[in-house]
Amino acid sequence: MNFEGLDPGLAEYAPAMHSALDPVLDAHLNPSLLQNVELDPEGVALEALPVQESVHIMEGVYSELHSVVAEVGVPVSVSHFDLHEEMLWVGSHGGHATSFFGPALERYSSFQVNGSDDIRQIQSLENGILFLTKNNLKYMARGGLIIFDYLLDESEDMHSLLLTDSSTLLVGGLQNHILEIDLNTVQETQKYAVETPGVTIMRQTNRFFFCGHTSGKVSLRDLRTFKVEHEFDAFSGSLSDFDVHGNLLAACGFSSRLTGLACDRFLKVYDLRMMRAITPLQVHVDPAFLRFIPTYTSRLAIISQSGQCQFCEPTGLANPADIFHVNPVGPLLMTFDVSASKQALAFGDSEGCVHLWTDSPEPSFNPYSRETEFALPCLVDSLPPLDWSQDLLPLSLIPVPLTTDTLLSDWPAANSAPAPRRAPPVDAEILRTMKKVGFIGYAPNPRTRLRNQIPYRLKESDSEFDSFSQVTESPIGREEEPHLHMVSKKYRKVTIKYSKLGLEDFDFKHYNKTLFAGLEPHIPNAYCNCMIQVLYFLEPVRCLIQNHLCQKEFCLACELGFLFHMLDLSRGDPCQGSNFLRAFRTIPEASALGLILADSDEASGKGNLARLIQRWNRFILTQLHQDMQELEVPQAYRGAGGSSFCSSGDSVIGQLFSCEMENCSLCRCGSETVRASSTLLFTLSYPEGSNSDKTGKNCDFAQVLKRSICLEQNTQAWCDNCEKYQPTIQTRNIRHLPDILVINCEVNSLKEADFWRVQAEVAFKMAIKKRGGEISKNKEFALADWKELGSPEGMLMCPSIEELKNVWLPFSIRMKMTKNKGLDVCNWTDGDEMQGVTHQQWYLFNDFLIEPIDKHEAVQFDMNWKVPAILYYIKRNLNSKYNLNIKNPIEASVLLAEASLARKQRKTHTTFIPLMLNEMPQVGDLVGLDAEFVTLNEEEAELRSDGTKSTIKPSQMSVARITCVRGQGPNEGIPFIDDYISTQEQVVDYLTQYSGIKPGDLDAKISSKHLTTLKSTYLKLRFLIDIGVKFVGHGLQKDFRVINLMVPKDQVLDTVYLFHMPRKRMISLRFLAWYFLDLKIQGETHDSIEDARTALQLYRKYLELSKNGTEPESFHKVLKGLYEKGRKMDWKVPEPEGQTSPKSAAVFSSVLAL
């Protein structure tokens, strides 16, 4: 072969490629088949093989038009005709993708998709191409730019994907499940279990999903529920390929023989109308691929791996004369695809060549293709070339616009200084996993950066400008003059943008890609969200608080336990602490301490958050300590709350945080008084005159902490001996160390902030000097000097300059009691990793924004904008000292009868019958639920210039009535809970037209309803959720959100979504009841009992119409009729004298009356 003009490396492939291109005809084939094609005995060039003039392509008969090399010597793993443009996509076993434009196969783009795995399937979309590898799904533009890169679990082995609609994708493989992925949010939305693992081929029609398994079976699945409707056991060995067209399914595969698997020459054909096999089709080639090519008839194309291709009818007999031969460069054909227009066939072989066969000289790949964008051609200017090596060359030859501004070349040299670019620091993950052999280190690539792309930064401070912006805020106190500081985006206040749908279309996943739960900030006094997260991640506090339950209506420990339970269940979804903050606002001590902010103060930011959070921290620890000291609780509430963690005189909080102290007061008369006390936290006390010493006197953090704990100060105190106030020396010593050390930093003024700033600078200089560097007083440390500090080996494990700046706080401290009952405190830098912990990761929690951060960022405080408020240090063996089992403290007795808070309620006004002991719900029982709400705060919105309304802050709702009705049994439809919720907060709007709640219904003095506390009803619902019942209702998502409950999705049956078609409007309960049940509900006001019963009836109707979900097609027709009727009626229920309900029509059968 002639290899001139090609890569020299191709020469080593010459013998193999030459032998494969010899025009040898298969012995089974008719020589007359090649009478219209001339084969070049000298070989064929591999650069986009042109069609010879002597080759004549007959209309309607497939012949080879072009061949092209995708990647020399690398087998083609998949081929795909673009569904939107005239392009052919090819993927290789080396993870490389190549695209070719038009029937001439002009190379359009070529890029690497995966560095190690082969490309297993390609799917074209409107804006890009999807590539599936073993455990990775990548969406790339046609030019090669990455749109998203979705990493699957490492244990996955994916083989097939199926685009069910424009934004939903199914991905299957050798595991026992199929994943559903939303392409808009790039999130896994569903995981369907597969009874027969190994789904390698997927197809779809308007009736079924078809899944081909490695075991030789083909399963037919429901389009809506993905349940198996039918299964064909096609081959005893394995399935090779199958295709579906009309009412026929054809499959090829391997059968089991005594010697192993053998290719079966019988194609299995199935009739999808009768769901049975018809006469198998015997072919004359070993089938490896097959496709329906419906033009005038339902032709089948059957291709073998050796290159033989046969056309035949699926219900007729195969004719040997209908065989043609593809001449692959390699020994095997690896892939096959048919264009959407059926005019082109593509074959890929094991040597990296692609063969295009067409039935016309100028084929098109799609019936209607859009125009393809090409790169702009290089525009060659007509200006004469300039030789820059000539010093006398006049630069005036270059035309420039006339300007009167100062030119950049006029920049004075005195204002410029060379600043060489330094290499970025080595990734911490690489240093952690690196293994050294001699002086060379080896580590796996963590893939945290794009290949060969490093941001260009001349200064250390340049990195701050990537995600920082200028904000006018002084964190020390707003009485000082504000300055402009650079604050990172992740530290800024996050806000929720509301739309017409409220929070439903707000993408919380954009701010939190972890499985930790964030907290929503729009509730009043949500400034404490960060401290709630701190308490939650203290493992003993999280477990023991959830075991607590008492009878107090407003108990912060109980409400915090309920909130922790929600955070446990959320798996990344944001939660809100509305019930906890509601109880917090009712405590008089919180108001007296100034912890409850008015809405105006919170919106304007008048409160000093640093002081506020420190006061809140002291208050919550004290309040939890008092709440958990309760030992005697009623039997109905007794559970794990009375566990062995509490002693008679102390609480769990006391055991964790409390520190016993001795306070000694020494008068100048010599009289000494000693008193014992305890504290839950300590406040840092800074050295006097620290701000005046600008030279930078070193004060170790451990020394300041010891001085703050063992505090000594002079003050006026009463002396019993002198019988008057005298100057005394007050000293404090501790008797034992707490398990959790809490420190309030008290950085509330510029004086303390300057102290932190000076100590961080001193620590930075000491760290540099420790490595052999020097810093002059009047010169900033040059980045180029950093490479001279320390030995090369030592530099690998040393933090960079960025990580050393603004650090005074140690990660760990060592504290112990000496023999003479003194306290020894020192910074501990050795062995930062805890035993048994292989990897540590710090996270930043900013309301619902959660991000992993670098370890050193946790202790870096740029006092211009980032100020420490509270520090928590825990003992290393803390978790081993406590029993961390969480026991559900809620018992079934909460559902039994209870007294009403209303004074005027009579038994004749009772609207429900409580559950008896023999009626206690079981797992899977149905419970109809509905809730009514009142408004506490009106919505805040603004009107834009274009006339649209923008919601700034949503209305604050409070639950006013909760109703639960029995969903089965002889008393089905009878309520067992109908509680009106008493509230101590001012109600702005009772929403009587929509809720049925009237003024006075929630007042214990005048109400005639069954009035209870929110906590009492909350416990009932929590018990029902924990026991595993299924709630049936209409619009339950909003109900549970306002009640502040987290309910697993499989326990919610919402009729809003059961009777809903995608991309259509939601339908009201009133219209559904009229249309399906012939019921007129919600006439003047809403009644929650009526709504809950109606929702149950609608669910029964749904099961009847869909045959328990087994006939989605017939139910889909019912929904189409519902929407057509709704549009005609403008979604309004007719008046009683008007139209009758369509239920009277024959198509709807009667429903079960409750």
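Residues numbered from 1 in each chain as written. Predicted model: local features only at pLDDT ≥ 70, side-chain atom pairs only at ≥ 80, totals over all residues. Heavy atoms only, no water.

Undergrad: How should I be thinking about the sheet that holds strand 40 (residues 740–744) in this particular structure?
TA: Strands in a sheet are paired, the pairing made by backbone hydrogen bonds, and the direction either parallel or antiparallel. Ordered by their spatial adjacency, three strands build an open sheet running 37-40-45, and the pairing between neighbours is mixed. Edge positions in the sheet fall to strand 37 (682–683) and strand 45 (870–874), since each has one partner strand and no second. Sheet topology places strand 37 next to strand 40; two bridges connect them, and they run parallel. When the bridges of strand 40 are listed, Thr683 appears paired with Asn744. Packing against the sheet, helix 11 (residues 701–709) makes contact with strand 37, strand 40 and strand 45, and its axis sits at approximately 90 degrees to strand 40. (Pairing = 2+ DSSP bridges. Helix = DSSP H or I, 4+ residues; strand = E, 2+ residues; numbered from the N terminus. Contact = heavy atoms within 4.5 Å. Axes fitted to C-alpha atoms, helices over the stretch in contact; angles between N-to-C directions.)

Undergrad: Would you explain the UniProt feature "binding site: a divalent metal cation" (unreviewed entry) in the protein in this entry?
TA: Sequence positions flagged by UniProt for "binding site: a divalent metal cation" (unreviewed entry) are, in local numbering, Asp930, Glu932, Asp1039 and Asp1091. A stretch of 162 residues holds the annotated residues, and the largest C-alpha distance among them is 13.0 Å, short enough that they meet in one place. Mapping Asp930 onto the fold places it in strand 46 (residues 926–937). By relative accessible area, Glu932 is classed as buried at 5%. Those residues in contact with Glu932 that lie beyond four places of it in its chain are Ser958, Val959, Ala960, Arg961, Tyr994, Ser995, Ile997, His1086, Asp1087, Ser1088 and Asp1091. (UniProt positions renumbered as here; feature names shortened; annotations may be inferred. Buried < 20%, exposed > 50% of the residue type's maximum accessible area, 1.4 Å probe, protein only.)

Undergrad: I'm lost on the packing of helix 5 (residues 556–570) against helix 9 (residues 609–627) in this one. Help?
TA: Orientation of helix 5 relative to helix 9, taken along the N-to-C sense of each, is 105 degrees, at an axis distance of 8 Å. By the angle between their axes, helix 5 is roughly perpendicular relative to helix 9. Contact residues: Leu556, Ala557 and Leu560 in helix 5; Phe619, Ile620, Gln623, Leu624 and Asp627 in helix 9. Class assignment for the residues of the contact of helix 5 with helix 9 results in six nonpolar, one polar and one charged. (Parallel < 35°, antiparallel > 145°, perpendicular 65-115°, else oblique. Nonpolar A, V, L, I, M, F, W, Y, C, P; charged D, E, K, R; others polar.)

Undergrad: Looking at this structure, I do not really get the nonpolar core. What am I missing?
TA: Across soluble globular proteins, you tend to see nonpolar side chains buried next to one another. Membership of the largest hydrophobic core comes to 87 residues, with the highest contact counts inside it found for Trp616, Phe657 and Phe1031. Among the elements that take part in this core, helix 5 stands out by supplying nine residues, more than any other. Trp756, Ala760, Val825 and Phe861 belong to the second-largest nonpolar core, a separate cluster that totals 34 residues. (Core = buried A, V, L, I, M, F, W, Y, C linked by side-chain atoms within 4.5 Å.)

Undergrad: Explain the packing of aromatic side chains to me, please; I cannot follow it from the model alone.
TA: Both the distance between ring centres and the angle between the ring planes are used here to describe each pair of aromatic rings. Counted according to the given criterion, the structure contains 48 aromatic pairs. Taking the centre distance of 5.3 Å and the plane angle of 55 degrees together, the rings of Tyr139 and Phe148 count as tilted. With a relative accessible area of 10%, Tyr139 lands in the buried category. When the ring of Trp756 is compared with that of Trp808, the centres are 4.9 Å apart and the planes differ by 85 degrees; the resulting orientation is edge-to-face. Taken together, the residues Trp756 in helix 12 (residues 750–770) and Trp808 in the loop between helix 14 (801–804) and strand 41 (812–817) connect sequence positions 52 residues apart. Residue Trp756 is classed as buried on the basis of its relative accessible area, which comes to 3%. Residue placement shows Arg203 over the ring face of Phe242; its charged tip is 5.6 Å from the ring centre. (Phe/Tyr/Trp six-rings, centres within 6.5 Å; stacked < 30°, edge-to-face > 60°. Lys NZ or Arg CZ within 6 Å of the ring centre and 35° of its normal.)

Undergrad: Honestly, helix 11 in this entry has me stumped. Any pointers?
TA: The periodicity of an α-helix, 3.6 residues per turn, causes residues three or four places apart in sequence to face the same way. When helix 11 is considered as a whole, its buried residues turn out to be Phe701, Ala702, Val704, Leu705, Ser708 and Ile709. Looking straight down helix 11, one finds its buried side chains confined to an arc of 160 degrees; they lie on one side. (Arc of directions from axis to C-beta.)

Undergrad: What is the right way to look at helix 6 (residues 578–585) in this model?
TA: Burial runs high along helix 6: eight of the eight residues are buried. Along helix 6, the residues that are buried comprise Ser578, Asn579, Phe580, Leu581, Arg582, Ala583, Phe584 and Arg585.

Undergrad: Where do I start with the pairing of strand 19 (residues 248–257) in this structure?
TA: A regular strand carries its side chains on alternate faces of the sheet. Of all 10 residues that make up strand 19, seven are buried, and the element is covered over most of its length. Inspection of the sheet shows strand 19 paired to strand 21 (residues 266–271) by four bridges, in the antiparallel sense. Across the sheet, the residue bridging to Leu248 is Asp271, located in strand 21. Bridge count for strand 19 against strand 20 (residues 260–263) is four bridges, and the pairing is antiparallel. Within strand 20, the position partnered with Ser256 by the bridge is Leu261. Connecting the antiparallel pair strand 19 and strand 20 is a turn made up of two residues.

Undergrad: What should I look at first to understand the confidence of the model for the protein in this one?
TA: Any residue range with low pLDDT should be treated as having predicted coordinates unsuitable for detailed reading. Of the residues in the protein, 81% have a pLDDT of 70 or more, and the chain-wide mean is 80. Confidence drops under a pLDDT of 50 for residues 631–649, and excluding neighbours within four residues, the segment shows 36 contacts in the predicted structure. Within the model, the stretch residues 774–796 combines pLDDT values under 50 with 32 contacts to residues more than four positions away or in other chains. (pLDDT = per-residue confidence, 0-100.)

Undergrad: I would appreciate a short explanation of the pattern of salt bridges in the present structure.
TA: Should the charged atoms of two oppositely charged side chains come close, the side chains can pair. For the coordinates displayed, the defined rule picks out 35 salt bridges. Notably, a salt bridge pairs Asp573 with Lys509, separated by 3.9 Å at the nearest N-O pair. Remark: Lys509 occurs in the loop between strand 34 (484–488) and helix 3 (529–536) and Asp573 occurs in the loop between helix 5 and helix 6; sequence separation between them is 64 residues. Accessibility expressed as a relative area gives 33% for Asp573, which makes it partly exposed. Ionic pairing is found between Arg735 and Glu662, a salt bridge with its closest N-O pair at 3.4 Å. Taken as a pair, Arg735 in the loop between strand 39 (724–734) and strand 40 and Glu662 in strand 35 (residues 659–667) lie far apart in primary sequence, 73 residues in all. Take Arg735: its relative accessible area is 44%, and that puts it in the partly exposed class. Residues participating in the shared-partner salt-bridge network are Asp82, Glu85, Arg142 and Arg370. (Salt bridge = Lys/Arg side-chain N within 4 Å of Asp/Glu carboxyl O.)

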